[in-house]
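What the coordinates show
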Amino acid sequence: MPRIHVGNALSAFGLGFTVPYLYVYVAQVRGLGAATAGLVLAVFAVAALIALPFAGRAIVRRGPLPVLLVALVLSAFGALGLGLAGGAVPVLLTAAVLGAGQAVMQPALATMIVDCSTSATRSRAFATQFFLQNLGLGVGGLIGGHLVDAGRASSFTVLFSIEATIFVLLAMLMATVRMPRAPRLTDLPSGPARGGWRQLVQNRAMVRLCLLGFVLFFACYGQFESGLSAYGVEAAGISTSTLGTALAANTLMIVVAQFAVLRLVERRRRSRVIAVVGLIWTVAWLAAGYAGLGHGSQEMATAAFVSAYALFGLGESMLSPTVAPLVADLAPEGMAGQYNSAFALVKQLALAVGPAVGGPLGASLPAPYIVTFVLFSVAISGLALRLASRLTPAQDHPWAAAKSRVVAQGGTPVESVNA
């Protein structure tokens, strides 16, 4: 498990290391213009959407480790090619390879965590994954920003070369991991797992969770660097430096709160935890609304805006040990890879649609923008409570289910062990 967590941190580091600077690199450094730079970002999203359905099937059939190694090799080639490409076509092709590789890494790593954990340890494992991912993204972005110089194309070549090297080293590290044997699709008799995507769609609880996941990612992650930042600059008069402070507050909240809330969250019903996150995000959007639509001082507006990002971080720290383990627990035996890939596909769709809707709305119609996402946050709570009716007690409240099993067997209740 420690090497898997290192893999999560390094893959996030590689993402944060270069992606924030792609637009500047393509549009200005290579002189290909804003339109091509926009296409590159779109290609990243499209490549992920194309690759993820195939990745799920491959993980189920071959296991997560071989799929992860292929994704790392593809990402290394894509990163190196992107650093050397000078024309529009090579840039777009290598961006597609890099985008597909990085998208496939996440469900592969998530499935490795599922295979190496139990229901009792899964929440903590995914909380650790989320913590390290955010740390990797933040550190990668910070170091990458100090290495690049928009006046020197060679600095970007070095940046992408370092990223490619990281992926190669990570592949070498992951190749040493010995995974426990988990059922694969080819091991299973003809039955529910044979249905693949059709069986997944027939799983009503998973369909509801995917709908809830789309709203979660659309209303939060899909707004961070597009709609909410545009709203902050245009409606609240937030400077770019303050926007950076708000993003730092979000990351800091996750780092500080992640393990502090873990013990509380893992003992509660998952559906209710997600419902509480919806309420927290409702308050966050109201704080953002005050920043741009209230009539307080600029200092108050700034404090409210930064607080909104911090509240989003608190909600994220509650979701990380809740949603990903729930996806794993909903998956039939041997199908965790397919379910993880499906949920990653939903996330990618939300992250593609979110900026396209939120950016223009936040910049030009601030009041409707805030009202829209307050309603989306309230909808998160409603959808979470409706999801509860489709979950078994073990899926919704695994801690209590595990405790009841121990008591039924005549053992010591978990609570008294921890006392």
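Refer to the preceding data block for the structure.
Before going into details, it helps to say that this report is about the structure given with it. Just so you know, the residues in each chain are numbered from 1, in the order the chain's sequence is written. In view of the model being predicted, local features appear only for residues whose pLDDT reaches at least 70, and side-chain atom pairs are presented and counted only at 80 or more, with totals across whole chains, interfaces and linings using the full set of residues. Side-chain numbers come from the whole structure's heavy atoms, not from hydrogens or water.

1. Some points on a nonpolar patch on the surface
Here is the rule we go by: Patches draw on residues past 30% relative accessible area with no salt bridge. Two like charges within 9 Å are joined, as are two nonpolar side chains (Val, Leu, Ile, Met, Phe, Trp, Tyr) within 5 Å. Per-residue and other accessible areas follow the Shrake-Rupley method at a 1.4 Å probe size, with only the shown protein chains counted as cover for residues. Salt-bridge detection follows one rule: a side-chain nitrogen of Lys or Arg within 4 Å of a carboxyl oxygen of Asp or Glu. Each helix corresponds to a stretch of at least 4 residues labelled H or I by DSSP, and each strand to a stretch of at least 2 residues labelled E; elements are numbered beginning at the N terminus.
On the surface, Leu-135, Val-139, Leu-142, Ile-143, Leu-147, Val-158 and Ile-162 cluster together into a nonpolar patch covering about 530 Å² of accessible area. Counting residues per element, the ones that place at least two in the nonpolar patch are helix H6 (122–147) and helix H7 (153–174). Residue contributions to the nonpolar patch peak at five residues, all from H6.

2. Brief notes about the nonpolar core
In plain terms, the rule: Side-chain atoms within 4.5 Å link the members of a nonpolar core, which is a set of buried Ala, Val, Leu, Ile, Met, Phe, Trp, Tyr and Cys residues. For each residue, the accessible area found with a 1.4 Å probe, counting protein chains only, is set against the maximum for its type, and the residue is called buried under 20%, exposed over 50%, and partly exposed in between.
Grouped together as the largest cluster of nonpolar side chains are 64 residues, with contacts concentrated most on Met-206, Leu-209, Leu-228, Trp-281, Trp-285 and Phe-305. At the level of secondary structure, the elements contributing two or more residues to this core comprise helix H9 (204–219), helix H10 (227–234), helix H11 (240–266), helix H12 (270–293), helix H13 (298–319), helix H14 (323–330), helix H15 (336–364) and helix H16 (366–387). Among the elements that line this core, the one with the most residues is H12, at eleven residues.

3. Observations regarding the pattern of salt bridges
Pairs can form between side chains of opposite charge once their charged atoms are near each other. Applying the stated criterion across every chain yields a total of three salt bridges. When the shortest N-O distance is used, the salt bridge between Arg-124 and Glu-266 registers 3.8 Å. Of the two residues, Arg-124 is situated in helix H6 and Glu-266 in helix H11; the sequence distance between them amounts to 142 residues. Here Asp-329 and Arg-270 are joined by a salt bridge, their closest N and O atoms 2.8 Å apart. In this pair, Asp-329 is assigned in helix H14 and Arg-270 in helix H12, connecting sequence segments 59 residues apart. A single burial state applies to Asp-329 and to Arg-270, both of which are buried.

4. Description of helix H3 (residues 33–62)
Definition in use: To estimate the expected span of a helix, count its residues, drop one, and scale the result by 1.5 Å. The bend at a residue is defined as the angle formed between two axes, one fitted to the seven residues ending at that residue and one fitted to the seven starting there.
Along its 30 residues, H3 runs 41 Å from first to last C-alpha, staying within 8% of the 44 Å computed at 1.5 Å per residue. Along its length, H3 reaches its greatest deviation from straightness, about 30 degrees, at Leu-52, and the proline Pro-53 lies no more than four positions downstream. Just past H3, the residue Gly-63 takes up positive phi, approximately 100 degrees.

5. As for helix H5 (residues 88–115)
One turn of an α-helix holds 3.6 residues; hence residues three or four places apart share an orientation. Over its 28 residues, H5 runs 41 Å from end to end, which matches the ideal 40 Å to within 8%, given 1.5 Å per residue. Counting buried residues in H5 gives 20 out of 28 residues, a clear majority hidden from the surface.

6. Notes on the side chain of Asn-203
Counted only if it meets this: We call two residues in contact whenever any of their non-hydrogen atoms come within 4.5 Å of each other.
Tracing the backbone through its elements, the reader meets Asn-203 in the loop between helix H8 (197–202) and H9. You can call Asn-203 buried: its relative accessible area is 18%. Other than its neighbours up to four places away in sequence, Asn-203 contacts Leu-330 and Tyr-339.

7. Things to note about the environment of Ala-275
If you trace the backbone, Ala-275 turns up in helix H12. When its relative accessible area of 9% is taken as the criterion, Ala-275 is described as buried. Spatially, the C-alpha atom of Ala-275 lies 6.5 Å from that of Leu-385, the residues being 110 residues apart in sequence. Ignoring sequence-local partners within four residues, the contact set of Ala-275 consists of Ser-381, Ala-384 and Leu-385.

8. As for the packing of H10 against H15
Heads up, the rule is: Axis lines are fitted through C-alpha atoms, for helices just across the contact stretch, and the angle between N-to-C directions can take any value from 0 to 180 degrees. Should an angle lie under 35 degrees it is considered roughly parallel, over 145 roughly antiparallel, and from 65 to 115 roughly perpendicular; all remaining angles are considered oblique. Crossing handedness follows the turn of the near helix against the far one: under a right angle anticlockwise gives a left-handed crossing, and clockwise gives a right-handed one. Ten residues, namely Ala, Val, Leu, Ile, Met, Phe, Trp, Tyr, Cys and Pro, are considered nonpolar, four, namely Asp, Glu, Lys and Arg, are considered charged, and the remaining ones, Gly among them, are considered polar.
Packing of H10 against H15 leaves a shortest axis separation of 7 Å and a crossing angle of 15 degrees. Classified by the angle their axes make, H10 and H15 are roughly parallel. The way H10 lies across H15 gives a crossing that is right-handed. Judged by residue contacts, Gly-227, Ala-230, Tyr-231 and Glu-234 of H10 engage Gly-358, Gly-359, Gly-362 and Ala-363 from H15. For the contact of H10 with H15, the class distribution of residues is three nonpolar, four polar and one charged.

9. Observations regarding the side chain of Ser-320
Worth spelling out the cut-off: Contacts described as polar in this section are N or O atom pairs within 3.5 Å, which, within protein, must combine one atom able to donate a hydrogen with one able to accept it, while residues neighboring in sequence count only if both atoms come from side chains.
Looking at the element boundaries, Ser-320 is found in the loop between H13 and H14. By relative accessible area, which is 9% here, Ser-320 ends up buried. One polar contact links the side chain of Ser-320 to the main-chain carbonyl oxygen of Ser-317, over a distance of 3.3 Å. If sequence neighbours within four positions are ignored, Ser-320 has contacts with Phe-126, Ala-127, Phe-130, Gln-258 and Pro-325.

10. Describing the state of the cysteines
Test applied: By definition, disulfides here are pairs of cysteine sulfur atoms that lie within 2.5 Å.
Across all of its chains, the model carries zero disulfides by this definition. Considering cysteine sulfurs only, Cys-220 is the nearest to Cys-210, which forms no disulfide, with 18 Å between them. Given the relative accessible area of 13%, Cys-210 is considered buried.

11. Considering the packing of aromatic side chains
Selection rule: Geometry of aromatic contacts follows a simple scheme: Phe, Tyr and Trp rings, the Trp one being its six-membered ring, pair when their centres are within 6.5 Å, and the pair is stacked under 30 degrees between planes, edge-to-face over 60, tilted otherwise. For a ring to carry a charge above it, either NZ of a lysine or CZ of an arginine must fall within 6 Å of the ring centroid while also lying within 35 degrees of the normal to the ring plane.
Counted under the stated rule, the structure contains 16 aromatic pairs. Measuring from centroid to centroid gives 5.9 Å for Phe-217 and Phe-343, while their planes differ by 65 degrees, and the two rings are edge-to-face. Of this pair, Phe-217 sits in helix H9 while Phe-343 is found in helix H15, placing the two residues 126 residues apart along the sequence. For the pair Phe-217 and Phe-343, a shared accessibility class is recorded, and that class is buried. Members of the aromatic cluster, each reached through a chain of ring pairs, are Phe-214, Phe-218, Tyr-231, Trp-281, Trp-285, Phe-312, Tyr-369, Phe-373 and Phe-376. Taking the ring centre of Tyr-221 as reference, the NZ or CZ of Lys-347 above it sits at 5.9 Å.

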